[in-house]
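# Summary of the model geometry
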Amino acid sequence: GRGEGEEPEAKRARLAQERSHLSFASPAGAVRLRRLRLRISGTRSAESASCCLGQVALRCSGELVNFDGFVAEGRSAPEAVLTAHGEWRDDGFGAARSSELLLVAPE
């Protein structure tokens, strides 16, 4: 199979190369992901007036995706969702019956 008998250092280099095209942002600033939309259409209670979303974190091949420079758009000041212990509370959920958060990559 692929990678059988491969030295650990060579395997790490090969995996890094394979993952490089999956990055959301590169050190040079080239961004492959432009927008990530999260939609919440339900909560634990059928009568929720608001919804809450903790820190957004994604992994790709076991490594955290870097959201540096991204901007969060949505109701109720969602910027904190991109911070280490951030949280986004949408008080408009009850009326709209859904919440939408848009993460936009830097230009």
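Below: a short report on this structure. These figures come from a predicted structure and were not determined experimentally. (Residues numbered from 1 in each chain as written. Predicted model: local features only at pLDDT ≥ 70, side-chain atom pairs only at ≥ 80, totals over all residues. Heavy atoms only, no water.)

Below, the discussion takes up the overall build of the protein chain. Along its length, the protein chain carries two helices and seven strands. Counted from the first residue to the last, the protein chain has its helices and strands arranged as α-β-β-β-β-β-β-α-β. Per-residue burial over the protein chain gives 21% buried out of 107 residues. A separation threshold of at least 6 residues defines the contact pool for the protein chain, and within that pool the share at least 24 residues apart is 63%. (Helix = DSSP H or I, 4+ residues; strand = E, 2+ residues; numbered from the N terminus. Buried < 20%, exposed > 50% of the residue type's maximum accessible area, 1.4 Å probe, protein only. Contact = heavy atoms within 4.5 Å.)

For the rest of this paragraph, the subject is the nonpolar core. One finds Val56, Phe67, Val81, Leu101 and Leu103 to be the most contacted residues of the largest nonpolar core, which totals 13 residues. What Val81 contacts, discounting residues up to four positions off in sequence, is Leu53, Gly54, Gln55, Val56, Ala72, Gly86, Glu87, Trp88 and Leu101. (Core = buried A, V, L, I, M, F, W, Y, C linked by side-chain atoms within 4.5 Å.)

To continue, consider the pattern of salt bridges. Pairs can form between side chains of opposite charge whenever their charged atoms are close. One pass over the full model with this rule turns up four salt bridges. Of the charged contacts in the structure, one is a salt bridge between Glu100 and Arg39, with a shortest N-O distance of 2.1 Å. You can see Glu100 sitting in strand β7 (residues 99–104) and its partner Arg39 sitting in strand β1 (residues 35–40), a full 61 residues away along the chain. Here Glu100 falls in the partly exposed class, since its relative accessible area comes to 26%. (Salt bridge = Lys/Arg side-chain N within 4 Å of Asp/Glu carboxyl O.)

Looking now at the state of the cysteines. Applying the stated criterion across every chain, the model contains zero disulfides. Left without a disulfide partner, Cys51 is nearest to the cysteine sulfur of Cys52, which lies 7.4 Å away. (Disulfide = S-S within 2.5 Å.)

Quick look at the packing of aromatic side chains now. Throughout the structure, instances matching the rule amount to one aromatic pair. An angle of 85° between the planes, with centres 5.1 Å apart, marks the rings of Phe67 and Phe70 as edge-to-face. Residues Phe67 and Phe70 agree in their burial class; the two are buried. (Phe/Tyr/Trp six-rings, centres within 6.5 Å; stacked < 30°, edge-to-face > 60°.)

In this section: the side chain of Ser50. Relative to the elements of secondary structure, Ser50 occurs in the loop between β1 and β2 (51–54). Classification of Ser50 as buried rests on a relative accessible area of 18%. A distance of 3.1 Å separates polar atoms of two side chains, one belonging to Ser50 and the other to Arg89. Among residues more than four places away in sequence, those in contact with Ser50 are Thr43, Arg89, Asp90, Asp91, Phe93 and Gly94. (Polar contact = N/O pair within 3.5 Å; in protein donor to acceptor, adjacent residues only side chain to side chain.)

Coordinates in, geometry out; function isn't part of it.
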